[in-house]
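Chain residues, written in single-letter form:
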Amino acid sequence: MFSKRIEEVIQASLVDGVISDKERQVIKHLAQQEGIDGDTVDVLLDARIQELTAQHKAAQRVCPRCGASIDAFSATCPYCGQEVAQRSAVSSMRELNAKLSRVSDLEQRRNIITSFPVPNTREDLLEFLSLSAANAKKTGGLLDKPIVRFLLVIAAFWLVFFFISIAGKKDPESTFNDYTFSGLLFMDLAMAFIVGSWFALRYAKKGGSKEVKEHNEMVGTWRTKIDQVMTKARLSLRSGEDIDVLDRLQREVHGK
């Protein structure tokens, strides 16, 4: 319904679980520019807020000692001090991966990631950030660099023709001489250079392997989503241990 631009604004506005009047006005203004009337925007935004509220209620737990309602982020009951075992929940990351596995189009995958709701529980937030961090970093090892492939092809061709030339020179009946041997090595190197250049240029033009190319094209989308989840996590998690984990994941994703 909404464009990618509006979805990003909505997701950023919903980080704290509510949409202020000013945020709603901005969203409605953007939507009207795309031909969506204000009443439709209000209905859809209210539905999003209700969905988040329902998720939050589902995340509530009950203290086994005093029966008080406890937020999912609490490890102990604030009323009686009872330690509360963390409830098992459907992993947001597993749910997201399941949705992504059903589509191959990159634009559809971007939309799924962008519109996916931010996790609510402590465990889910940390798991989502930990498992998605690798998706926010560009990949492509040494062998995925065109210059390395170029050099490897040259070396492979040169070695093949070198051993063929050596075998021919050692043959007593061969007419090989030093001049012929040097000429063959030169031809071998020239052929290796030509073939290696062709492979390297072809690989570079295609942007590397399909898997590496698709992964790197999605890095920006993953980083935006992780930053969104990171914002929610920093607002929700207060313990020093959790903050250290968030700082480490921040450095892992952004390299700082």
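For the structure, check the block above.
Just so you know, these numbers come straight off a predicted model, no measurement behind them.

**Thoughts on the pattern of salt bridges**
Here's step 1: According to the stated counting rule, one finds nine salt bridges in the structure shown.
Here's step 2: A salt bridge links Arg-234 to Asp-247, with the shortest nitrogen-to-oxygen separation between them at 2.9 Å. In this pair, Arg-234 is assigned in helix α10 (residues 219-236) and Asp-247 in helix α11 (residues 240-254), connecting sequence segments 13 residues apart.
Here's step 3: Arg-234 gets classed as partly exposed once you look at its relative accessible area, which sits at 30%.
Here's step 4: Here Asp-247 falls in the partly exposed class, since its relative accessible area comes to 28%.

**Observations concerning the packing of helix α6 (residues 122-132) against α10**
To describe two helices that pack against each other, one gives the angle between their axes and the distance between the axes.
Here's step 1: At a minimum axis separation of 10 Å, α6 and α10 run at an interaxial angle of 150°. Considered as vectors, α6 and α10 are oriented roughly antiparallel to each other. Pair α6 / α10 crosses with left-handed handedness. Packed against α6, whose contacting residues are Leu-125, Phe-128, Leu-129 and Ser-132, the element α10 presents Trp-222, Lys-225, Ile-226, Val-229, Met-230, Lys-232, Ala-233 and Ser-236 at the interface.
Here's step 2: Residue composition of the contact of α6 with α10, grouped by class: eight nonpolar, two polar and two charged.

**Let's talk about α10**
Here's step 1: In this model α10 runs 25 Å from its N-terminal to its C-terminal C-alpha over 18 residues, within 8% of the 26 Å that 1.5 Å per residue would give.
Here's step 2: Taken residue by residue, α10 has Val-219, Thr-221, Trp-222, Lys-225, Ile-226, Gln-228, Val-229, Met-230, Lys-232 and Ala-233 as its buried positions.
Here's step 3: Along its buried surface, α10 packs onto α1 (4-13), α4 (92-101), α5 (106-115), α6, α9 (210-217) and α11.

**Regarding the side chain of Asp-242**
Here's step 1: With respect to the helices and strands, Asp-242 occurs in helix α11.
Here's step 2: A polar side-chain atom of Asp-242 sits 3.0 Å from a polar atom in the side chain of Ser-239.
Here's step 3: Residue contacts for Asp-242: discarding those within four places in its chain leaves Arg-122, Leu-126 and Leu-237.

**Topic: the packing of α5 against α10**
Here's step 1: Their axes nearest at 9 Å, the elements α5 and α10 cross at an angle of 5°. When the axes of α5 and α10 are compared, the pair comes out roughly parallel. Here Arg-110, Ile-113, Thr-114 and Ser-115 of α5 lie close against α10, whose contacting residues are Thr-221, Trp-222 and Lys-225.
Here's step 2: Taken together, the residues of the contact of α5 with α10 break down into two nonpolar, three polar and two charged.

**Topic: the packing of aromatic side chains**
Here's step 1: Applying the stated criterion across every chain yields a total of one aromatic pair.
Here's step 2: Ring plane angle 15° and centroid distance 6.4 Å describe the contact between Phe-116 and Phe-128, whose orientation is recorded as stacked. Separated by twelve residues along the polypeptide, Phe-116 in the loop between α5 and α6 and Phe-128 in helix α6 bring together distant segments of the chain. Of the two residues, Phe-116 and Phe-128, neither departs from the other in class, the shared state being buried.

**Looking at the nonpolar core**
Nonpolar side chains tend toward joint burial in soluble globular proteins.
Here's step 1: Counting 24 residues, the largest nonpolar core has Leu-96, Phe-128, Leu-129, Trp-222 and Leu-246 as the members making the most contacts within it.
Here's step 2: Residue assignment for this core shows that the elements contributing at least two residues are α4, α5, α6, α10 and α11.
Here's step 3: The element best represented in this core is α10, accounting for five residues.
Here's step 4: In terms of nonpolar packing, the next biggest core, distinct from the first, is built from twelve residues, Ile-6, Ile-19, Ile-36 and Val-41 among them.

Definitions and limits used
- Residues numbered from 1 in each chain as written.
- Predicted model: local features only at pLDDT ≥ 70, side-chain atom pairs only at ≥ 80, totals over all residues.
- Heavy atoms only, no water.
- Salt bridge = Lys/Arg side-chain N within 4 Å of Asp/Glu carboxyl O.
- Helix = DSSP H or I, 4+ residues; strand = E, 2+ residues; numbered from the N terminus.
- Buried < 20%, exposed > 50% of the residue type's maximum accessible area, 1.4 Å probe, protein only.
- Axes fitted to C-alpha atoms, helices over the stretch in contact; angles between N-to-C directions.
- Parallel < 35°, antiparallel > 145°, perpendicular 65-115°, else oblique.
- Left-handed = near helix turned anticlockwise from the far one by under 90°.
- Contact = heavy atoms within 4.5 Å.
- Nonpolar A, V, L, I, M, F, W, Y, C, P; charged D, E, K, R; others polar.
- Expected span 1.5 Å × (residues − 1).
- Polar contact = N/O pair within 3.5 Å; in protein donor to acceptor, adjacent residues only side chain to side chain.
- Phe/Tyr/Trp six-rings, centres within 6.5 Å; stacked < 30°, edge-to-face > 60°.
- Core = buried A, V, L, I, M, F, W, Y, C linked by side-chain atoms within 4.5 Å.

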